[in-house]
Amino acid sequence: MELGGLQRALLVSAIEATRAGGIIGYATCSPHLAETRFVVTDVVRKRRDVEIVDARDLFRDTSDRLVQHLGEGPFVQLWPHVHGTDAMFFSLLRKFRPDDT
């Protein structure tokens, strides 16, 4: 199985294991769209019980200021030359409660 397919399967498994109203975090240490945005948007497009939540507000520095240059959202993309980290990607999903749909 290619890496993107495995990542989709893992994300679907996480969604299935999450109770309604719960939050799922999807993170990779990759900047490649086929392993980041495309995985999340593809999985969400095929489901009616999850939504993507803007994750940028969760990224704060030690002074509680928002970290800058995280991308256009709702995803977060960190870069070695900007953030001093690996090229990490982060996304949040919320699983709907039955009365939310």
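Basis of the calculations
Residues numbered from 1 in each chain as written. Predicted model: local features only at pLDDT ≥ 70, side-chain atom pairs only at ≥ 80, totals over all residues. Heavy atoms only, no water. pLDDT = per-residue confidence, 0-100. Helix = DSSP H or I, 4+ residues; strand = E, 2+ residues; numbered from the N terminus. Phe/Tyr/Trp six-rings, centres within 6.5 Å; stacked < 30°, edge-to-face > 60°. Buried < 20%, exposed > 50% of the residue type's maximum accessible area, 1.4 Å probe, protein only. Expected span 1.5 Å × (residues − 1). Arc of directions from axis to C-beta.

(A) Just the confidence of the model for the protein chain, in detail. Here the protein chain averages 92 in pLDDT, while 95% of its residues score no lower than 70. Mean pLDDT per element in the protein chain: helix α3 (residues 80-83) is the minimum at 92, and strand β4 (residues 89-95) is the maximum at 97.

(B) Just the packing of aromatic side chains, in detail. As enumerated under the stated definition, the model contains 3 aromatic pairs in all. Consider the rings of F59 and F90, whose centres lie 5.5 Å apart with planes at 65°: the pair is edge-to-face. Of the two residues, F59 sits in the loop between β2 (50-53) and β3 (76-77) while F90 sits in strand β4, which places them 31 residues apart along the sequence. With a centroid separation of 5.4 Å and 40° between ring planes, the pair formed by F75 and F89 is classed as tilted. Taken as a pair, F75 in the loop between β2 and β3 and F89 in strand β4 lie far apart in primary sequence, 14 residues in all. The buried category is assigned to F75, whose relative accessible area is 5%. The buried category is assigned to F89, whose relative accessible area is 2%. Connected via pairs of aromatic rings, a cluster forms that spans Y26, F75 and F89.

(C) Spotlight on helix α1 (residues 3-17). The end-to-end C-alpha distance of α1, which contains 15 residues, comes to 21 Å, matching closely the 21 Å that a straight helix rising 1.5 Å per residue would cover. By the burial criterion, the buried members of α1 are G4, Q7, L11 and I15. Looking down the long axis of α1, one finds its buried residues gathered within 75° of arc, a one-sided arrangement. Exposed residues lying more than 90 degrees from the buried face of α1 are L10 and A17.

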